[in-house]
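Residue-level structural notes
Take a look at the letters that make up each chain.
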Amino acid sequence: MNSRIQVLLGSWSWPERRRLAELLRRETVGGALLLAAAVAALIWANSPWSEAYEALHEVRIGPEALHLSLTPAEWAADGLLAIFFFVAGLELKREFVAGDLRDPRRALVPVVAACAGVVAPAVIFVAFNAGAGGDALEGWAVPTATDIAFALAVLAVIGRNLPSALRTFLLTLAVVDDLIAIMIIAVYYTDELVFVPLLLATIPLALFTYLVQRRVRSWFLLLPLAVTVWALVHASGVYATVAGVLLGFAVPVLRRHGEGPGLAEHFEHRFRPLSAGFAVPVFALLAAGVGLGGLSGVAAALGDSVALGIIVGLVAGKTIGILGATYLMARITKLRLPPPLAWIDVAGVAVLGGIGFTVSLLVGELAFGQGSERDEHVKVGVLAGSLVAIGIAAVILRARDRVHRKACEAENLDADGDGIPDVSAGSVDGEENPG
């Protein structure tokens with residue numbers, strides 16, 4: 001196979017492929033829990049016990065003097081999701097410092113596709129809501145985010161034989177997508193900035209950075225500093241989960257001579273189960289419950305341009321942006337997809353990019369206010385758009401399953417029995433450099 005062909009979606013190194021397989025196994029469980037929590041929230045919010053669900057959102061917990069008297073839903077969005085974004089920060093830094101994305105040639109196509117996959121849904125949403133009036137346009141960022149856990153969980157079910165190039169392409173899209181979402185939240189959805197607590201937050205953040213750079217792992221030193229950073233960022237008016245990203249970026253990725261896994265890998269191993277198994281499902285349980293009000297209620301929600309813009313943005317916008325940018329990059333660079341992949345396969349993965357959940361719901365709350373009518377419509381739009389994206393992607397990818405299975409068998413062939421696929425025998429150089 002011509003090596004230039006591989007640049008477009010490429011044959012990724014064996015360490016990266018092995019790591020991706022492990023990540024898929026973990027995210028499958030996390031995605032299943034996320035889906036179960038979302039379904040439970042919908043059932044609860046539309047059951048005879050819906051008043052208890054609504055009452056749960058009225059309870060306030062925490063000290064008012066520290067601006068931390070929050071509802072359980074606010075604690076989940078501001079606090080628990082900080083764990084999710086901490087893991088996302090570790091993942092982002094690892095990919096660009098020690099992963100295959102440190103090679104600009106490998107990173108270029110998925111990064112460009114991810115950016116286009118953010119712009120196109122936003123444009124579609126604005127087109128649907130330009131004349132809607134009120135605060136409708138505040139939700140422009142809702143359909144721009146891809147949910148990593150949900151998308152990978154779905155991929156593990158409907159695309160289990162998908163070649164690693166496409167799996168890694170989707171993972172990279174979602175990772176870059178998260179980075180863009182974090183920037184949007186930090187810049188656009190920060191209403192009022194209080195500089196004193198933000199400046200004070202740099203002190204514990206600097207101490208945290210110093211300790212982790214010295215490879216300190218003691219939780220009784222790091223955890224109080226991390227909580228202090230989070231509390232001060234929260235008090236500053238910046239969305240508090242940004243603190244999780246900053247803390248994740250502070251952790252070193254590369255390891256020193258004679259050490260075990262790098263500290264970022266160690267923290268990711270420790271915190272990913274907490275994020276995927278607890279933080280995200282609890283957020284989904286508290287955020288996804290929307291009283292549908294029967295068929296008439298669903299019809300009313302879907303009649304709102306906000307919900308329609310989200311659905312079309314997630315399904316059509318993500319597909320147009322990701323597929324269009326990837327095709328354009330292929331034309332510009334004169335590169336081709338590595339056989340036996342075809343553009344219909346890229347289209348299937350692009351449609352999967354329309355699965356928005358965790359960050360989409362979060363942006364909806366920031367844009368319209370938790371519990372508002374349009375926030376409820378956001379939830380309906382995100383759920384409907386994600387379900388449509390899953391259905392279309394399933395049809396596309398399952399239709400190509402026989403081709404994918406053969407490619408997967410060839411990709412994983414280990415004729416010499418050394419535990420490394422023959423096609424990757426020359427790429428076992430993915431160990432982290434000391435540093």
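A look at the overall build of the protein chain
Within the protein chain, the regular secondary structure consists of 16 helices and zero strands. Of all 435 residues assigned to the protein chain, the portion counted as buried reaches 55%. Taking the intrachain contacts of the protein chain between residues at least 6 apart in sequence as the baseline, contacts between residues at least 24 apart amount to 81%. Accessible area for the protein chain stands at about 18800 Å²; split by element, carbon and sulfur atoms hold 66% of it.

As for the packing of helix α7 (residues 195–213) against helix α8 (residues 219–236)
As a packed pair, α7 and α8 sit with axes 8 Å apart at the nearest point and diverge in direction by 155°. When the interaxial angle is binned, α7 and α8 end up roughly antiparallel. For the pair α7 and α8, the sense of crossing is left-handed. Contact residues: α7 offers P197, L198, L200, A201, P204, L205, L207, F208, L211 and V212, while α8 offers L221, L222, L225, A226, T228, V229, L232, V233, A235 and S236. Among the residues forming the contact of α7 with α8, the class breakdown is 18 nonpolar, two polar and no charged.

As for the pattern of salt bridges
This model, assessed by the stated rule, comprises eight salt bridges. Among the ionic pairs, R400 bridges to D345, the shortest N-O distance being 2.8 Å. With a gap of 55 residues between them, R400 in the loop between α15 (373–399) and α16 (401–411) and D345 in helix α13 (residues 343–352) connect regions that are remote in the sequence. Residue class for D345 comes out buried when judged on its relative accessible area of 0%. Within the structure, one salt-bridge network assembled from shared partners comprises D135, D304 and R374.

Some points on a nonpolar patch on the surface
A surface patch of nonpolar side chains, amounting to about 430 Å² of accessible area, comprises V194, V196, L200, I203 and L207. Within the secondary structure, V194 sits in the loop between α6 (164–188) and α7.

A few points about the packing of aromatic side chains
Applying the stated criterion across every chain, the model contains 10 aromatic pairs. Centroid distance F86 to F271: 5.4 Å. Interplanar angle 80°. Geometry classified as edge-to-face. Taken together, the residues F86 in helix α3 (residues 72–97) and F271 in helix α10 (residues 263–287) connect sequence positions 185 residues apart. Among the residues examined, F271 registers a relative accessible area of 29% and is labelled partly exposed.

Section: the nonpolar core
In this structure, L352 and F357 are the most contacted members of the largest nonpolar core, which totals 86 residues. With 14 residues, the top contributor of residues to this core is α6. When neighbours within four sequence positions are excluded, L352 is seen to be in contact with T146, A151, V154, L155, I158, L170, A393 and L397. Among the nonpolar cores identified, the runner-up in size contains 29 residues, and F86, W230, A240 and F267 belong to it.

Thoughts on the side chain of S69
Inspection of the secondary structure puts S69 in the loop between α2 (50–56) and α3. Setting aside residues up to four positions removed in sequence, S69 forms contacts with R60, I61, G62, P63, E64 and E74.

Let's talk about unusual backbone geometry
The backbone of R215 shows a phi angle near 65°, a positive value even though the residue is not glycine. Looking at the element boundaries, R215 is found in the loop between α7 and α8.

Regarding the environment of V59
Tracing the sequence through the fold places V59 in the loop between α2 and α3. Residue V59 is classed as partly exposed on the basis of its relative accessible area, which comes to 40%. Taking the C-alpha atoms as reference, V59 lies 5.4 Å from T71; in sequence the two are 12 residues apart. Look past the residues within four positions of V59 in its chain and what remains in contact with it is L70, T71 and P72.

A short note on the packing of α13 against α15
Contact geometry for α13 and α15: axes closest at 8 Å, N-to-C directions at 160°. Here α13 is positioned roughly antiparallel relative to α15, judged by the angle of their axes. Regarding α13 and α15, the two cross each other, and that crossing is left-handed. Here I344, D345, G348, V349, V351 and L352 of α13 lie close against α15, whose contacting residues are A389, I392, A393, I396 and L397.

What to know about the confidence of the model for the protein chain
On average, residues of the protein chain score 80 in pLDDT, and 83% of them reach the 70 mark or higher. Per-residue pLDDT stays below 50 along residues 1–7; that stretch engages in 13 contacts with residues further than four places along the chain or on separate chains. Here residues 422–435 is a poorly scored stretch, pLDDT under 50, and it has 33 contacts once near neighbours within four places are set aside; other chains count.

A few points about helix α14 (residues 358–368)
Among the 11 residues that make up α14, 10 are buried, leaving the element largely enclosed by the rest of the structure. Among all positions of α14, only T358, V359, S360, L361, L362, V363, G364, E365, A367 and F368 are buried. After α14 finishes, the residue G369 shows a positive phi value of roughly 90°.

Looking at the environment of F249
Among the structural elements, F249 can be located in helix α9 (residues 241–250). Taking the relative accessible area as the measure of exposure, F249 reaches 32% and is therefore partly exposed. In this structure, the C-alpha to C-alpha distance between F249 and L90, residues 159 residues apart in sequence, is 6.2 Å.

As for the environment of L34
Looking at the element boundaries, L34 is found in helix α1 (residues 14–45). With a relative accessible area of 0%, L34 lands in the buried category. For the pair L34 and F283, spaced 249 residues apart in sequence, the C-alpha to C-alpha distance is 8.9 Å. In this structure, L34 is in contact with D147, F150, V280, P281, A284, F357 and T358, ignoring residues within four places of it in sequence.

What counts and how
- Residues numbered from 1 in each chain as written.
- Predicted model: local features only at pLDDT ≥ 70, side-chain atom pairs only at ≥ 80, totals over all residues.
- Heavy atoms only, no water.
- Helix = DSSP H or I, 4+ residues; strand = E, 2+ residues; numbered from the N terminus.
- Buried < 20%, exposed > 50% of the residue type's maximum accessible area, 1.4 Å probe, protein only.
- Contact = heavy atoms within 4.5 Å.
- Areas by Shrake-Rupley, 256 points an atom, 1.4 Å probe, with all protein chains shown as cover.
- Axes fitted to C-alpha atoms, helices over the stretch in contact; angles between N-to-C directions.
- Parallel < 35°, antiparallel > 145°, perpendicular 65-115°, else oblique.
- Left-handed = near helix turned anticlockwise from the far one by under 90°.
- Nonpolar A, V, L, I, M, F, W, Y, C, P; charged D, E, K, R; others polar.
- Salt bridge = Lys/Arg side-chain N within 4 Å of Asp/Glu carboxyl O.
- Patch = residues over 30% accessible without salt bridge, like charges linked within 9 Å, V, L, I, M, F, W, Y side chains within 5 Å.
- Phe/Tyr/Trp six-rings, centres within 6.5 Å; stacked < 30°, edge-to-face > 60°.
- Core = buried A, V, L, I, M, F, W, Y, C linked by side-chain atoms within 4.5 Å.
- pLDDT = per-residue confidence, 0-100.

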